[in-house]
Amino acid sequence: MSAGHETDLAGVDRDLWSATVRASMEMRSDFGISSGKSNRGGTSAHNDGRAIDINRVDGTRFDDMDASAAASLGNRVAAEIVNRLGGRGMEVFTPGMAFRLDMHLSKTSSLNLQGSHYNHVHVSVRQP
Ligand SMILES: [Zn+2]
């Protein structure tokens, strides 16, 4: 696991952090964390540390992968994390898919969210 120096990992939800570490170990891959707890304003789950963004795997940015590789790997990363969240998963946005576990997204919203996450995986958890 590696992170940019401005990324606040200490403030990340413990369950989310633990699931991310275990997913990384399962995949024997280094996840590059581009965001943890950060003040985004509005209702972003990053505000209180309930979301994490991963923009690199083993040093390669999703942005530098071809679209199908980014989609496939992003989906795997997200699935490995969400499967370890014990039902607390909330938002799952990757280069390959976008859905919420707590509410239905319209097809348009889903495609827009997938499009805006072309270069990273975002996973958030519900309030404890
Ligand atoms: Zn995010």
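See the structure printed just above.
The rules behind these values
- Residues numbered from 1 in each chain as written.
- Predicted model: local features only at pLDDT ≥ 70, side-chain atom pairs only at ≥ 80, totals over all residues.
- Helix = DSSP H or I, 4+ residues; strand = E, 2+ residues; numbered from the N terminus.
- Rg over C-alpha atoms; globule rule 2.2 N^0.38 Å.
- Buried ≥ 20, exposed ≤ 12 C-beta atoms within 10 Å, placed from the backbone.
- Core = buried A, V, L, I, M, F, W, Y, C linked by C-beta atoms within 7 Å.
- Contact = placed C-beta atoms within 7 Å.
- Expected span 1.5 Å × (residues − 1).
- Pairing = 2+ DSSP bridges.
- Axes fitted to C-alpha atoms, helices over the stretch in contact; angles between N-to-C directions.
- Parallel < 35°, antiparallel > 145°, perpendicular 65-115°, else oblique.
- Left-handed = near helix turned anticlockwise from the far one by under 90°.
- Nonpolar A, V, L, I, M, F, W, Y, C, P; charged D, E, K, R; others polar.

A word on the overall build of the protein. A count of helical and extended segments in the protein gives three helices and seven strands. Ordered by position from N to C terminus, the α and β elements of the protein give β-α-β-β-β-α-β-β-α-β. Taking 128 residues into account, the globule formula puts the C-alpha radius of gyration at 14 Å, and the protein, at 13 Å, falls close to it. Overall size of the protein, expressed as C-alpha extent along the three principal axes, is 35 × 35 × 25 Å.

Topologically, methionine 103 is positioned in the loop between strand 6 (98–100) and helix 3 (107–116). With 9 C-beta atoms packed within 10 Å, methionine 103 lands in the exposed category. Along the sequence, methionine 103 and threonine 60 sit 43 residues apart, while their C-alpha atoms lie 32 Å from each other.

Another point: the nonpolar core. Among the nonpolar cores identified, the biggest contains 25 residues, and Leu16, Ile52, Val77, Ala78, Ile81 and Val123 are the most heavily contacted of them. Counting residues per element, the ones that place at least two in this core are helix 1 (14–27), strand 2 (31–35), strand 3 (51–57), helix 2 (67–82), strand 5 (89–93) and strand 7 (121–125). Not counting residues within four places of it along the chain, the set of residues in contact with leucine 16 comprises Arg50, Ile52, Leu85, Val123 and Val125.

With that settled, consider helix 2. For helix 2, which comprises 16 residues, the first-to-last C-alpha distance of 22 Å matches the rise-based estimate of 22 Å (1.5 Å per residue) to within 8%. Residues of helix 2 that are buried in the fold lie against helix 1, strand 2, strand 3, strand 5 and strand 7.

Turning next to the environment of leucine 113. Within the secondary structure layout, leucine 113 lies in helix 3. Owing to 19 C-beta atoms within 10 Å, leucine 113 belongs among the partly exposed residues under this scheme. As for leucine 113 and valine 92, which are separated by 21 residues in sequence, their C-alpha atoms are 9.5 Å apart. Setting aside residues up to four positions removed in sequence, leucine 113 forms contacts with Phe93 and Ala98.

Burial analysis of strand 3 places seven of its seven residues in the buried class, which makes it a mostly covered element. As paired elements, strand 2 and strand 3 share four bridges and run antiparallel to each other. Within the sheet, the bridge partner assigned to serine 35 lies in strand 3 and is aspartate 53. Bridge count between strand 3 and strand 7: four bridges; the pairing is antiparallel. Bridging across to strand 7, isoleucine 52 finds its partner in valine 123. Summarising the sheet, strand 3 and strand 4 (residues 60–61) pair through two bridges and their orientation is antiparallel. Its bridge partner being in strand 4, arginine 56 is matched across the sheet by arginine 61. Following strand 3, the chain reverses through two residues before pairing antiparallel with strand 4; aspartate 58 in that reversal takes a positive phi of roughly 50°.

This part covers the packing of helix 1 against helix 2. Relative orientation and spacing of two packed helices are given, respectively, by the angle between their axes and the distance between those axes. At a minimum axis separation of 8 Å, helix 1 and helix 2 run at an interaxial angle of 125°. As far as their axial angle goes, helix 2 and helix 1 are oblique. Crossing geometry of helix 1 relative to helix 2 is assigned as right-handed. Side by side, helix 1 and helix 2 meet where Ala19, Thr20, Ala23, Glu26 and Met27 of the first sit next to Val77, Glu80 and Ile81 of the second. Here the contact of helix 1 with helix 2 is composed, by residue class, of five nonpolar, one polar and two charged.

So, to be careful, I would describe these as geometric facts and stop short of saying anything about function.
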